[in-house]
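Architecture at a glance
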Amino acid sequence: MKNNPNISFLYNLPEYKSNASPKLLRITTTPSYTKVDFGYQATSYYISGGWVRIEKNTFIRIVKTGEKLIVNRIENIPIAPQRLDFTSTKDWLYFSLYFPPLPKDIEIIDLIEAEKGDTKDFNYFKIELSQNNAIELC
Amino acid sequence: MSLTKEAYIRYKIIDACISNSQEPYPTMDYLIDACQEKLGHEFNKSTIQKDIKAMKYDELLGFNAPIKFSKSNNGYYYSDPKYSINKIPLNTTDIEAINSALELIAEFKGTRLNENINHALEKVLTEFKEYVPKNSSQGKIIQTDAPPSHKGFEHFEFFYNATSQKIPVCFVHYSYSKRKFNSVIVHPYMLKEFQNHWYVVGYSENHNQLRTFGLDRIYEPLLLKKDFIEAPTAQKVEYFKYVYGVYPIPKQKRQEIIFMVKPILGDYLLAHPLHETQHIKKKESNGTLIISLDLIPSKELINYFLSNANLLKVLEPKWMQKEVTNLHLSAARNEK
């Protein structure tokens, strides 16, 4: 993560790969929050596409220190135990999670919905927020 | 930004929050946060309270928004769930204001400005007449082709500004054909309308080429502070001028496309050419026309050929003739 805490940065992550179903698209870091954007494509594994929801205690873990930042705002996806039932295998959902601002000099984070979870949980490991990937926002 | 314009943007943000069925009953804090996030500076509670009051009661605005506060859900809602300020038609004051503006614009007749805006002006005038028939007892006397709602059109101003100021953007895009999300960085060159749908055309860093993105498939565009990449002018001209529609077929170059049409379709094409490169190569004694186009083949052109398959036949290039035939056969199989 870039050092200047007063500037907002975008980390575009088109190549990031994970076993979790929603695609981790991009992360925005600002002085007041950290925003993570996801895209979910319903799957033909389930009849009518299955369902989605997010745990209210989903958190970012700073790999270097182990510090946890709990999600404080959830946009466009129900919070468990509520859930969104898709109506077809072709449905899709764009959603975002907001966390507290990241401390400076952070290079790698995990994003965890469930500790010791399985592939159905939205867990993402070793997300790199290196200076090379950071783009300053206007 | 003028205060009035910003107030209007706040009304739209508040309306979007209250209308959002995914997150019903937004609280006052939620509305404040939403306005702050979109407009980039702080608002206090009284500003948003005044906005809500104006949306409910301000006669000049004319929204008459049925905003209620739910104590049990601790948030705001519309008592009419179908209500949105986007559905408010023009009122008499709006129409008078537009009329004055149109009269003012008409003063520029014959100038370059007029040439450039003539097409847009025609549309506005037509829509204006649509709203105000001369004899009000007659009801609507003009009907234009307009979709009932325009998903993604809320991004129009954002992309207009980014394009005119040459600012790269990042947005999340969902491809209807690939059923995939992607976060892309684009250097926008043009906004293009085709059959009532709006698209942004620009250089995509992800694809390393010029690409077209439908505004309806775009989520949360952001402005980026990085150098703007210009494509070679010749490349842009080819892409913008010599394509029917918006999605050129990858790896295809500009080429002559020849097709034969029956007289009934030929008459339409003589009155409404498909493209400025349309040329009548031959007219048979039975009225059949041989027509050529000089274009980069596009998905929309193939769709046009398919939709008129009983009235035309593609002659050249052969690959396109085969493509249209195969798609037609595939459609016939789907009917069985």
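Residues numbered from 1 in each chain as written. Chains lettered and ligands numbered in written order. Predicted model: local features only at pLDDT ≥ 70, side-chain atom pairs only at ≥ 80, totals over all residues.

Some details on the overall build of chain B
A tally of helices and strands in chain B yields 10 helices and 11 strands. Within chain B, the proportion of its 336 residues that are buried is 21%. (Helix = DSSP H or I, 4+ residues; strand = E, 2+ residues; numbered from the N terminus. Buried ≥ 20, exposed ≤ 12 C-beta atoms within 10 Å, placed from the backbone.)

Side note on the overall build of chain A
Check the secondary structure of chain A and you find zero helices and 12 strands. Secondary structure elements of chain A, listed N to C terminal, follow the sequence β-β-β-β-β-β-β-β-β-β-β-β. Buried residues in chain A amount to 29% of all 138 residues. A separation of at least 24 residues holds for 61% of the contacts in chain A among residues at least 6 apart in sequence. (Contact = placed C-beta atoms within 7 Å.)

A look at the sheet that holds strand β12 (residues 134–136) of chain A
Residue and element names in this part refer to chain A. With antiparallel pairing, six strands are arranged side by side in an open sheet as β7-β9-β3-β2-β1-β12. Edge positions in the open sheet fall to β7 (73–75) and β12, since each of these has one partner strand only. When the angles between neighbouring strand axes are averaged without regard to direction, this sheet yields 20 degrees. As defined by bridge partners, strand β2 (residues 23–29) adjoins strand β3 (residues 34–41) across six bridges and the pair is classed as antiparallel. Bridge assignment links L24 to a residue of β3, and that residue is F38. (Pairing = 2+ DSSP bridges. Axes fitted to C-alpha atoms, helices over the stretch in contact; angles between N-to-C directions.)

Notes on the confidence of the model for chain B
Close inspection of predicted coordinates is inappropriate in any region flagged by low pLDDT. Residues with a pLDDT of 70 or more make up 81% of chain B, whose mean pLDDT is 85. With a pTM of 0.70, the predicted complex shows an ipTM of 0.92. (pLDDT = per-residue confidence, 0-100.)

Observations regarding the nonpolar core
Residues and elements named next belong to chain B. In this structure, V169, C170 and F259 are the most contacted members of the largest nonpolar core, which totals 64 residues. Both domains that meet at this core, namely domain 3 (153–241) and domain 4 (255–335), each give it at least three residues. Other than its neighbours up to four places away in sequence, V169 contacts A162, V186, P188, P221, L222, L223 and L224. Ranked by size, the runner-up nonpolar core spans 11 residues in total, among them C17, I18, I52 and A65. (Core = buried A, V, L, I, M, F, W, Y, C linked by C-beta atoms within 7 Å. Domains from an automatic or database assignment.)

Some thoughts on the interface of chain A and chain B
Listed per partner, the contact involves 18 residues of chain A and 19 residues of chain B. Elements represented by at least two residues in the side of chain A that touches chain B include exactly β1 (9–12), β2, β3, β9 (92–99) and β12 of chain A. Looking at the side of chain A that touches chain B residue by residue, the classes come out as nine nonpolar, four polar and five charged. (Nonpolar A, V, L, I, M, F, W, Y, C, P; charged D, E, K, R; others polar.)

A short note on unusual backbone geometry
Of note, the bond from A80 of chain A into P81 of chain A is cis; its omega dihedral lies within 30 degrees of zero at 10 degrees. Within the secondary structure, P81 of chain A sits in the loop between β7 and β8 (84–85). Each neighbour pair has its own omega, and for E316 of chain B with P317 of chain B the value is -5 degrees, a cis peptide bond. Take P317 of chain B: it is sitting in the loop between β11 (312–316) and α10 (318–335). Despite not being glycine, S48 of chain A has its phi angle at roughly 60 degrees, a positive value.

Section: the environment of L293 of chain B
Residue and element names in this part refer to chain B. Take L293: it is sitting in strand β10 (residues 289–295). A tally of 21 C-beta atoms within 10 Å means that L293 is categorised as buried. In this structure, the C-alpha to C-alpha distance between L293 and P273, residues 20 residues apart in sequence, is 10.0 Å.

Focus: the pairing of strand β1 (residues 67–70) of chain B
Residue and element names in this part refer to chain B. As paired strands, β1 and strand β2 (residues 75–78) are joined by four bridges and run antiparallel to one another. Directly across from I67, in β2, lies its bridge partner Y78. Two successive antiparallel strands, β1 and β2, enclose a turn made up of four residues, where N74 displays a positive phi of approximately 50 degrees.

Quick word on the sheet that holds strand β6 (residues 209–214) of chain B
Backbone-to-backbone hydrogen bonds join strands into a sheet, with any given pair of strands oriented parallel or antiparallel. Residues and elements named next belong to chain B. Spatially, the five strands line up as an open sheet ordered β6-β5-β4-β3-β7, and their pairing is antiparallel. Each end of this open sheet is capped by a strand with a single partner; those strands are β6 and β7 (218–223). If you compare each strand with its neighbour and ignore which way they point, the axes differ by 45 degrees on average. As defined by bridge partners, strand β5 (residues 197–204) adjoins β6 across six bridges and the pair is classed as antiparallel. Its bridge partner being in β6, V200 is matched across the sheet by F213. Along the sheet, helix α6 (residues 156–164) makes contact with β3 (169–175), β4 (180–194), β5 and β7, crossing β4 at roughly 80 degrees.

Quick notes on the environment of V200 of chain B
Here V200 of chain B lies in strand β5. Those residues in contact with V200 of chain B that lie beyond four places of it in its chain are F159, P188, L191, F213 and L215 of chain B.

Focus on α6 of chain B
All names here are of chain B. Taken residue by residue, α6 has F158, F159 and A162 as its buried positions. Looking straight down α6, one finds its buried side chains confined to an arc of 90 degrees; they lie on one side. The exposed set on the far side of α6, more than 90 degrees from its buried face, consists of E157 and S164. Packing partners of the buried residues in α6 comprise β3, β4, β5 and β7. At the C-terminal side of α6, K166 shows a positive phi close to 55 degrees. (Arc of directions from axis to C-beta.)

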